[in-house]
2 protein chains.
Amino acid sequence: MATWGERLAGVRGVMLDISGVLYDSGEGGGKPITGSVEAVARLQRSGLKVRFCTNESQKSRKHLVAELRRLGFDISEGEVTSPPPAACLILKKRGLRPHLLVHDEVRSEFAQIDTSNPNCVVIADAGDNFSYQNMNKAFQVLMGLENPVLISLGKGRYYKVTSGLMLDVGGYMKALEYACGVEAEVVGKPSPEFFQSALQEMGVEAHQAVMIGDDILFDVGGAQQCGMRALQVRTGKFRPSDEHHPKVKADGYVDNLSEAVDLLLQHVDK
Amino acid sequence: MATWGERLAGVRGVMLDISGVLYDSGEGGGKPITGSVEAVARLQRSGLKVRFCTNESQKSRKHLVAELRRLGFDISEGEVTSPPPAACLILKKRGLRPHLLVHDEVRSEFAQIDTSNPNCVVIADAGDNFSYQNMNKAFQVLMGLENPVLISLGKGRYYKVTSGLMLDVGGYMKALEYACGVEAEVVGKPSPEFFQSALQEMGVEAHQAVMIGDDILFDVGGAQQCGMRALQVRTGKFRPSDEHHPKVKADGYVDNLSEAVDLLLQHVDK
């Protein structure tokens, strides 16, 4: 196996997943993962470019950043790539008027979007808004369209909060895909377009960037598909079996973000 | 194309789907499809064996039959094959203790089943019980099992009620399959075991039986896979494109049950 120096050679930008890497979300705003507040600060002082790339679609970017700041992270909205703003760009570009099946809290992200007389459906991690009635409404809108368009903000299977595992938007996307006979367009990791936009915002090329995430498929696999390198942390939704995944092999496994930053600062540009 | 006499030769038993063939369900008990009450009565007087084979899993068999009787159909519980009793047989045989995600109304069908300390999940068309909280609970039960077993009563995409199309259990089955990485066992059409049990209860061989349904895949395709013949009615969830389905071709298309019975009585045993 290559040394860390070889594995991290030429890295100029670091892309960080948020949930499961910086903090575990949950009641009362969640809690930071040990060492992560300090690790982010060290990274920001290092001269490496840093960007946060999340599939969070239950909170607005503003709310998410406020929550992280309360936990001690020094992060601004402009440093975060998240699905709702990316979806708004797509909707505007294609003249799409969405029926929104999203969390109340994230609806504000779509304030500038025309939602009258919908010609597509946008779903996100809607939490308790995933009622039968709301799902049925989204289904009926899609079935009423000649060319049904379903846009899903992420396609995660589940995520971890302090109290346990929670169903994510992916299952609900699959439900609508099956019921309507359509294929969703995914805005979020592991979509290559989403990683590309985060790379652009960070201003580095794929081969100069490393992703650090807790999701072997969406963070690690997705980033590698784009030509980036990727490390998996053993926090968040990490499971020991991830280290023997049949299809995806990370460029390295680390106990947590703090260890990843130690390695980066020790080996990058040496 | 073969004549109706050739297509229906040797038929001794008729299997009828209920929703979309006998009646359209909906508010206030739904309403019978024109001519169907009379058609069922003529069939029952004909000497042909008759059995009702439904994927209805939102109502108990008792409730369903009471509803049909109110609409004028002379049907008894013993003539109906439906998923909940079939699922109970499977649960007992395999020592499975289900966590139930079902409509309140159908819970009584599982009264004799041990539901303590669940080692599987059973989902049915739960209607408004498909809340995020209930879906998440089913998800958590499955994720907590070493060998997760998910049993789905049917896998319908949607059904039609008098007020429009409604999401059926299939999408929710897909959601749990995706989130948990499991494959559901389906109890109901188009499962071959389900058709076989209905044939046994009717006492005829597959080649002697014809299915009449409104669902090109689950009624027509499912029955044909079992060696039965199948007619599709142009009522219920029928869509004109079904007559040019890329994979399934019915042995005949009829406007409604009444026309199907006309043809059967005219051509069978002649």
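Definitions and cut-offs
- Residues numbered from 1 in each chain as written.
- Chains lettered and ligands numbered in written order.
- Predicted model: local features only at pLDDT ≥ 70, side-chain atom pairs only at ≥ 80, totals over all residues.
- Heavy atoms only, no water.
- Least-squares fit on C-alpha atoms with pLDDT ≥ 70 in both.
- Helix = DSSP H or I, 4+ residues; strand = E, 2+ residues; numbered from the N terminus.
- Expected span 1.5 Å × (residues − 1).
- Buried < 20%, exposed > 50% of the residue type's maximum accessible area, 1.4 Å probe, protein only.
- Contact = heavy atoms within 4.5 Å.
- Buried area = accessible area lost by both parts, 1.4 Å probe.
- Polar contact = N/O pair within 3.5 Å; in protein donor to acceptor, adjacent residues only side chain to side chain.
- Arc of directions from axis to C-beta.
- Pairing = 2+ DSSP bridges.
- Right-handed = clockwise from strand over helix to strand, strands pointing away.
- Axes fitted to C-alpha atoms, helices over the stretch in contact; angles between N-to-C directions.
- Parallel < 35°, antiparallel > 145°, perpendicular 65-115°, else oblique.
- Left-handed = near helix turned anticlockwise from the far one by under 90°.
- Nonpolar A, V, L, I, M, F, W, Y, C, P; charged D, E, K, R; others polar.
- Core = buried A, V, L, I, M, F, W, Y, C linked by side-chain atoms within 4.5 Å.

Caption draft 1: Broad picture of the relation of the copies chain A and chain B. Taken as rigid bodies, chain A and chain B are interconverted by a rotation of 180° and an axial shift of 0.0 Å, the fit giving an RMSD of 0.0 Å. Expressed as an axis order, the relation between the two copies is that of a two-fold axis. When C-alpha positions in chain A are compared against the rotation axis, the closest is assigned to serine 131 of chain A, at 2.3 Å.

Caption draft 2: Spotlight on helix α6 (residues 169-180) of chain A. All names here are of chain A. In this model, α6 (twelve residues) spans 17 Å end to end at C-alpha, consistent with the 16 Å of a helix rising 1.5 Å per residue. Of all twelve residues in α6, eleven are buried, a share of seventy percent or more. Within the span of α6, buried status applies to Val169, Gly170, Gly171, Tyr172, Met173, Ala175, Leu176, Glu177, Tyr178, Ala179 and Cys180. Glycine 181 sits one or two positions beyond α6 and adopts a positive phi of about 65°.

Caption draft 3: A look at the interface of chain A and chain B. On the chain B side, the residues contacting the 29 residues of chain A number 29 residues. Interface area lost by chain A to chain B is led by Tyr132, Leu167 and Tyr178 of chain A, which between them contribute 34%. Linking chain A with chain B are 14 residue pairs in polar contact (both at pLDDT 80 or more). Looking at the side of chain A that touches chain B, the elements with two or more residues in it are α5 (132-143), β9 (158-161), β10 (164-167) and α6 of chain A. A per-element tally of the side of chain A that touches chain B places α6 of chain A first, with eight residues.

Caption draft 4: Spatial organisation of helix α2 (residues 36-45) of chain A. All names here are of chain A. Turning to α2, its buried residues are Ser36, Ala39, Val40, Arg42 and Leu43. Projected down its long axis, α2 shows its buried positions confined to an angular sector of 160°, all on one face. Contact partners of the buried residues in α2: β1 (13-16), β4 (49-53) and α9 (257-267). Just past α2, the residue glycine 47 takes up positive phi, approximately 95°.

Caption draft 5: Expanded view of the environment of proline 148 of chain A. All names here are of chain A. Relative to the helices and strands, proline 148 resides in the loop between α5 and β8 (150-153). Along the backbone, proline 148 and asparagine 119 are 29 residues apart, and their C-alpha atoms lie at a distance of 7.5 Å. In this structure, proline 148 is in contact with Leu142 and Val182, ignoring residues within four places of it in sequence.

Caption draft 6: Region of the structure containing the environment of asparagine 117 of chain A. Residue and element names in this part refer to chain A. Within the secondary structure, asparagine 117 sits in the loop between β6 (98-101) and β7 (120-123). Classification of asparagine 117 by relative accessible area gives exposed; the value is 58%. Remark: the alpha-carbon pair of asparagine 117 and proline 98, spanning 19 residues in sequence, is separated by 8.4 Å.

Caption draft 7: Here's a closer look at the pairing of strand β7 (residues 120-123) of chain B. All names here are of chain B. Going residue by residue along β7, you find Cys120 and Val122 tucked away on one face and Val121 and Ile123 tucked away on the opposite face as well. In terms of strand pairing, strand β6 (residues 98-101) meets β7 through four bridges, oriented parallel. Paired with histidine 99 across the two strands is valine 121, which belongs to β7. In this sheet, strand β8 (residues 150-153) lies alongside β7 in parallel orientation, the contact comprising three bridges. Counted as the bridge partner of isoleucine 123 is serine 152 from β8. For the crossover that starts at β7, traverses helix α5 (residues 132-143) and ends in the parallel β8, the hand is right-handed.

Caption draft 8: Region of interest: the packing of α5 of chain A against α6 of chain A. Residue and element names in this part refer to chain A. For the pair α5 and α6, the least separation of the axes is 10 Å and the interaxial angle reads 40°. It follows that α5 is oblique to α6 by the angle criterion. Crossing hand, α5 versus α6: right-handed. Along the contact surface, α5 presents Met135, Ala138, Phe139, Leu142 and Met143, while α6 presents Tyr172, Ala175, Leu176, Ala179 and Cys180. A breakdown of the residues in the contact of α5 with α6 according to their chemical character gives ten nonpolar, no polar and no charged.

Caption draft 9: Expanded view of the sheet that holds β1 of chain A. All names here are of chain A. Reading across the sheet, the six strands line up as β5-β4-β1-β12-β13-β14 and stay open at both edges, with parallel pairing between neighbours. If you trace the sheet from one side to the other, it starts and ends with β5 (80-81) and β14 (252-254), each paired once. Strand direction decides the pairing type here: strand β12 (residues 209-213) and strand β13 (residues 229-233), joined by four bridges, are parallel. From the neighbouring strand, glycine 213 faces β13, where its bridge partner is glutamine 232. Sheet strands in contact with α2 are β1 and β4, and its direction is about 140° off that of β4. Lying over the sheet, helix α8 (residues 216-225) contacts β12, β13 and β14, oriented at roughly 165° with respect to β13.

Caption draft 10: Structural view of the nonpolar core. The biggest cluster of nonpolar side chains holds 56 residues, and the ones touching the most others in it are Met135 of chain A together with Met135 of chain B. Aside from chain neighbours lying at most four places away, what touches methionine 135 of chain A is Leu101, Phe130, Tyr172, Ala175 and Leu176 of chain A together with Leu167 and Tyr172 of chain B.

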